[in-house]
Amino acid sequence: MKYNSSIYIFPPHPVSNVDAVPLFEGFDKERSRDLYSALELNHEEVLSDLTASKNIFYCFDKMDKEYLPERFDDNPDSVIWNESSSISDFLNILSNKFFNSFSNNLLIFYNSIGYNTTDIVKAFNLLAMEDETLVIGKSINGNIAFMGFNTYHCELATSIELQERDFDKSLSVFSRLDYFLHIFGNFMTIQNLEDFKTLYQELSKKESLSYCSHNIHELFTNLFIEYKELIK
């Protein structure tokens, strides 16, 4: 089957190798890995309904090579290994090897949550326009949760790396690239303890089941219980 759209889940650091994962604020190494793993698994579940129409890649740091869950053994072609030392370099490698092979590409950052299948379909519908189009998913804490494009410019990667995915700082760069720019949001990016508290509050709402299953809720709940003193 020939796909015309592709999705990339992108973590900028190891997420499975407990010895290499960066510490999440207030967490130990094992619980940091558990948080990253729960976020990654949530991407898989949300995107599972799109596998028939979209090519979905999971980008992992090379230090995770011996530590990925066994489920990836069944589909090794879905894994792209990041051997680069910078986000912009890796995205430019993806551009040469993958972006140019698909009409529309959507980059979802690993620590984002809150989007559902409908949001992704909406993003690709916007990218299907003939003109150069950029779709940004903005998080409630002012970061970029995902970014879709039908034409890739290397300035995109440079901006999100230099600005650390800060939406307001990156917007001036995006505006100079002559894209039709579409922004929609109310997503979350989990970068620090305050974001973790927000996640706790949001997952208590019934609406969260549209983007986070009972199974993933349970994984997060284990962390909420473990760190209940931190989320008061």
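Structure: see above.
The shown structure was predicted, so the numbers you read here are calculated from the model rather than taken from an experiment.

Reading the values: rules and limits
- Residue indices follow the written sequence of each chain, beginning from 1 at its first position.
- This being a predicted model, a pLDDT of at least 70 is required before a residue's local features are given, and a value of 80 or more before pairs of side-chain atoms are given or counted; all residues contribute to the totals for chains, interfaces and linings.
- No hydrogens and no water enter the side-chain calculation; it runs on all heavy atoms of the structure.
- Secondary structure elements follow DSSP: runs of H or I of four or more residues count as helices, runs of E of two or more count as strands, with numbering from the N terminus.
- Values of the radius of gyration come from C-alpha atoms, whereas the globule rule sets the reference at 2.2 Å times the count of residues to the power 0.38.
- In this scheme, a residue with accessible area under 20% of its type's maximum is buried, one over 50% is exposed, and one in between is partly exposed, where area comes from a 1.4 Å probe on protein chains only.
- Contacts: residue pairs with any heavy atoms within 4.5 Å of one another.
- The charge count treats Lys and Arg as positive and Asp and Glu as negative. His and the chain ends do not count.
- In plain terms, the charge of a residue is placed at NZ if it is Lys, CZ if Arg, CG if Asp and CD if Glu.
- Lining residues are defined by having an atom within 4 Å of a point belonging to a cavity or pocket. Those points lie on a 1 Å grid over the protein atoms alone, cavities being sets where a 1.4 Å probe fits but cannot get out and pockets being open sets with protein on both sides within 12 Å along at least five of seven lines.
- Grid points are joined across faces, edges and corners, and a volume is the space filled by probe spheres set on the points.
- Ten residue types, Ala, Val, Leu, Ile, Met, Phe, Trp, Tyr, Cys and Pro, are classed as nonpolar, four, Asp, Glu, Lys and Arg, as charged, and the remainder, Gly among them, as polar.
- The criterion for strand pairing is that DSSP finds at least two bridges linking the strands in question.
- Two aromatic rings from Phe, Tyr or Trp, using only the six-membered ring of Trp, form a pair when their centres are within 6.5 Å; if the ring planes differ by under 30 degrees the pair is stacked, by over 60 it is edge-to-face, and anything between is tilted.
- Whether a charge lies above a ring is judged from NZ of Lys or CZ of Arg, which has to be within 6 Å of the ring centre and within 35 degrees of the ring normal.
- Each axis is a line fitted through C-alpha atoms, and for a helix only the stretch in contact is used; angles between axes span 0 to 180 degrees, taken between their N-to-C directions.
- Should an angle lie under 35 degrees it is considered roughly parallel, over 145 roughly antiparallel, and from 65 to 115 roughly perpendicular; all remaining angles are considered oblique.
- Each crossing is labelled by how the near helix is turned from the far one, with a counterclockwise turn of less than a right angle marking it left-handed and a clockwise turn marking it right-handed.
- Multiplying 1.5 Å by the helix residue count minus one yields the expected span of that helix.
- Summarising the geometry, the arc corresponds to the directions from the helix axis toward the C-beta atoms.

Draft legend 1. Region of interest: the overall build of the protein chain. A count of helical and extended segments in the protein chain gives seven helices and eight strands. Here the C-alpha atoms of the protein chain give a radius of gyration of 17 Å, agreeing with the 17 Å that 2.2 N^0.38 yields for 232 residues. Overall, the C-alpha framework of the protein chain stretches about 50 × 35 × 35 Å when taken along its three principal axes. Taking all 232 residues of the protein chain together, the buried fraction comes to 52%. Taking the intrachain contacts of the protein chain between residues at least 6 apart in sequence as the baseline, contacts between residues at least 24 apart amount to 64%. Across the protein chain, the mean location of the 19 positive side-chain charges is 3 Å away from that of the 35 negative side-chain charges.

Draft legend 2. Structural detail: the layout of surface pockets. If you add up the space inside the largest pocket, you get close to 280 Å³. Along its surface, the largest pocket is lined by 15 residues, and T51, I56, Y58, N75 and S78 are the ones closest to its centre. When residues of the lining of the largest pocket are traced back to their parent elements, those giving at least two are α1 (29-47) and β2 (55-61). At four residues, β2 tops the list of elements feeding residues into the lining of the largest pocket. Residues of the lining of the largest pocket, tallied by class, amount to six nonpolar, five polar and four charged. The computed volume of the second largest pocket comes to approximately 230 Å³.

Draft legend 3. Quick look at the sheet that holds strand β3 (residues 79-82). Across the sheet, which stays open at both edges, the eight strands sit in the order β3-β2-β1-β4-β7-β6-β8-β5 with mixed pairing between neighbours. The strands lining the two open edges of the sheet, one partner per strand, are β3 and β5 (112-113). Examined bridge by bridge, strand β6 (residues 133-139) and strand β8 (residues 180-189) share seven bridges and lie parallel to one another. Pairing of T133 across the sheet is with F180, part of β8.

Draft legend 4. Just the packing of aromatic side chains, in detail. Across all of its chains, the model carries 25 aromatic pairs by this definition. Relative to F98, the ring of Y8 has its centre 6.5 Å away and its plane inclined at 75°; by these criteria the two rings are edge-to-face. Note that Y8 is positioned in strand β1 (residues 5-10) and F98 in the loop between α2 (87-97) and β4 (104-109), a separation of 90 residues in sequence. Under the relative-accessibility criterion, Y8 is labelled buried at 0%. With a centroid separation of 5.5 Å and an interplanar angle of 70°, the aromatic rings of Y58 and F72 are classed as edge-to-face. Taken together, the positions of Y58 in strand β2 and F72 in the loop between β2 and β3 put the pair 14 residues apart, joining distant regions of the chain. The ring of F109 is capped by R165, whose NZ or CZ atom sits 4.0 Å from the centre of that ring.

Draft legend 5. Structural detail: the packing of α1 against helix α7 (residues 214-226). In contact at an axis separation of 9 Å, α1 and α7 are set at 160° when each is read in the N-to-C sense. Classified by the angle between their axes, α1 and α7 sit roughly antiparallel to one another. The handedness of the crossing between α1 and α7 comes out as left-handed. Every residue of α7 that contacts α1 at R31, D34, L35, A38, L39, L41, N42 and E45 is listed here: N215, I216, L219, F220, L223 and E226.

Draft legend 6. Quick peek at α7. Compared with the 18 Å implied by 1.5 Å per residue over 13 residues, the 18 Å span of α7 between its first and last C-alpha is a close match. Where α7 is concerned, the buried positions are I216, H217, F220, L223 and F224. Projected down its long axis, α7 shows its buried positions confined to an angular sector of 120°, all on one face. Exposed residues on α7 whose side chains face more than 90 degrees from its buried face are H214, E218 and I225. Residues of α7 that are buried make contact with α1, β5 and α6 (193-203).

Draft legend 7. Representation of the pairing of strand β7 (residues 144-149) within the structure. β7 sits mainly inside the fold: six of its six residues count as buried. As judged from the four bridges shared by β4 and β7, these two strands associate in the antiparallel manner. Within β7, the position partnered with L106 by the bridge is G148. As paired elements, β6 and β7 share five bridges and run antiparallel to each other. Within β7, the position partnered with L134 by the bridge is F149. Hairpin connection, β6 to β7: the antiparallel pair is bridged by four residues, and G142 has positive phi, about 85°.

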